[in-house]
Amino acid sequence: MKKLTVSLIIIDAIQLIIGIGIWIYIGIARGDEVNNTLYLAVFFMLLCSVATMAGLYIVMKYRNHDMVESLHNLEKLNTTLRAQRHDYLNHFQVIYGLMELSEYEEAKKYLDPVFKDIMKVSRALKTKEPAVNALIQVKMEASERSGIDFYPEIRSELGALPIEVWNLCKILSNLIDNSIDILVKTHQEEKKINLDIFEDMEYYCFIVSNNGPAIPAEMQTEIFKVGVSSKKEEGHGMGLYIVSQIVKEAFGEIELISTKERTSFSIRIPKKHK
């Protein structure tokens, strides 16, 4: 998006220079030459204006799409939190009743799934970025519906991200969705996705891994290019390219390691531009 914005600024600058040049030329030229110059000026002005408006439309469309998706995730997270809070009293009443009846084993059985449900949300709410927290919660629920165990390990609050949070959400969403799609198609009993977010003195680090089948070696070097995908269906091949471009624009690095035991995408984004 930054490159596109810069391109639009350059187009506007060219338009201004052409306009000034034509204005000066009109002051010197005479007769039919002036008419031809005016037609040419109008053509270039309109062409540049259309290009600028089209570019701005694309920028706003994709930015708005990212914002709408993040807001939708936030709404889902808020609904989950409200539902949990609403159920707390009922859960405590049931547990208290079981304890009064000395049904301690039954109380433990009842409490186990409730505790797991609470812990799922608490594991996601560990950064200072609500949009990231909401995304992680939504992907955890999507993984659970698909019979996949999702293990987030959040060791950074992401307090000073050098990129827009929408772009980070786009990176994580693409990588996690790819892992879900791959694991759904496998027949193994144990399916796992790990998300590791941490930081050191220089970088924010994000690792998304799954225990699905290995990506073929010949595809690993090409998978970040446009139209290249490990999926057989048509319409794929843009997600990882988008991820690589966002990482590149942030002066970051992305690494793929894929074996028969695990496939991992590791991303490092510098806290300060090099």
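Before any of the text, the structure's been laid out above.
A brief look at the structure comes next. The structure presented is a predicted model; accordingly, all values stated were derived computationally and were not measured.

**Quick look at the nonpolar core**
Ranked by internal contacts, the top residues of the largest apolar core, which has 40 residues, are L172 and F206. At the level of secondary structure, the elements contributing two or more residues to this core comprise α4 (130-145), β1 (149-154), α5 (165-184), β2 (192-199), β3 (203-210), α7 (239-249) and β5 (263-270). With ten residues, the single largest contributor to this core is α5. Those residues in contact with F206 that lie beyond four places of it in its chain are L158, L161, L168, L172, D196, I197, F265, S266, I267 and I269.

**Examining the pairing of strand β4 (residues 253-258)**
Relative to β5, β4 is paired through six bridges, and the arrangement is antiparallel. Paired with I257 across the two strands is S264, which belongs to β5. Once β4 ends, the chain turns through four residues before running back antiparallel as β5.

**A closer look at the packing of α5 against α7**
For any two helices packed against each other, the geometry is given by the interaxial angle and the distance between the axes. At a minimum axis distance of 9 Å, the contact between α5 and α7 shows a crossing angle of 145°. In this structure, α5 meets α7 at a crossing whose hand is left-handed. Across from N167, K170, I171, N174, L175 and N178 in α5, the residues of α7 making contact are G239, L240, I242, V243, I246 and V247. Of the residues that constitute the contact of α5 with α7, the class distribution is seven nonpolar, four polar and one charged.

**A few points about the packing of aromatic side chains**
Using the criterion set out here, one finds one aromatic pair in the structure. Arranged with centres 6.2 Å apart and planes meeting at 85°, the rings of F224 and F265 form a pair that is edge-to-face. Separated by 41 residues along the polypeptide, F224 in the loop between α6 (217-220) and α7 and F265 in strand β5 bring together distant segments of the chain. F224 sits in the buried class, given a relative accessible area of 18%. When its relative accessible area of 7% is taken as the criterion, F265 is described as buried.

**Focus on the pattern of salt bridges**
Taken as a whole and assessed by the stated rule, the structure comprises seven salt bridges. For K139, the salt bridge goes to D177, with nearest N and O atoms at 2.8 Å. Of this pair, K139 sits in helix α4 while D177 sits in helix α5, and the two are 38 residues apart along the sequence. Judged by its relative accessible area of 10%, K139 falls in the buried class. The salt bridge involving R155 is made with D196; its shortest N-O contact spans 2.6 Å. Highlighted residues: R155 in the loop between β1 and α5 and D196 in strand β2, separated in sequence by 41 residues.

**Some remarks on unusual backbone geometry**
Positioned with a positive phi, L158 is a non-glycine residue whose angle comes to about 55°. Within the secondary structure, L158 sits in the loop between β1 and α5. Unlike most non-glycine residues, F251 shows phi in positive territory, near 60°. On the basis of relative accessible area, F251 is assigned to the partly exposed category, the value being 43%.

Definitions and limits used
Residues numbered from 1 in each chain as written. Predicted model: local features only at pLDDT ≥ 70, side-chain atom pairs only at ≥ 80, totals over all residues. Heavy atoms only, no water. Core = buried A, V, L, I, M, F, W, Y, C linked by side-chain atoms within 4.5 Å. Buried < 20%, exposed > 50% of the residue type's maximum accessible area, 1.4 Å probe, protein only. Helix = DSSP H or I, 4+ residues; strand = E, 2+ residues; numbered from the N terminus. Contact = heavy atoms within 4.5 Å. Pairing = 2+ DSSP bridges. Axes fitted to C-alpha atoms, helices over the stretch in contact; angles between N-to-C directions. Left-handed = near helix turned anticlockwise from the far one by under 90°. Nonpolar A, V, L, I, M, F, W, Y, C, P; charged D, E, K, R; others polar. Phe/Tyr/Trp six-rings, centres within 6.5 Å; stacked < 30°, edge-to-face > 60°. Salt bridge = Lys/Arg side-chain N within 4 Å of Asp/Glu carboxyl O.

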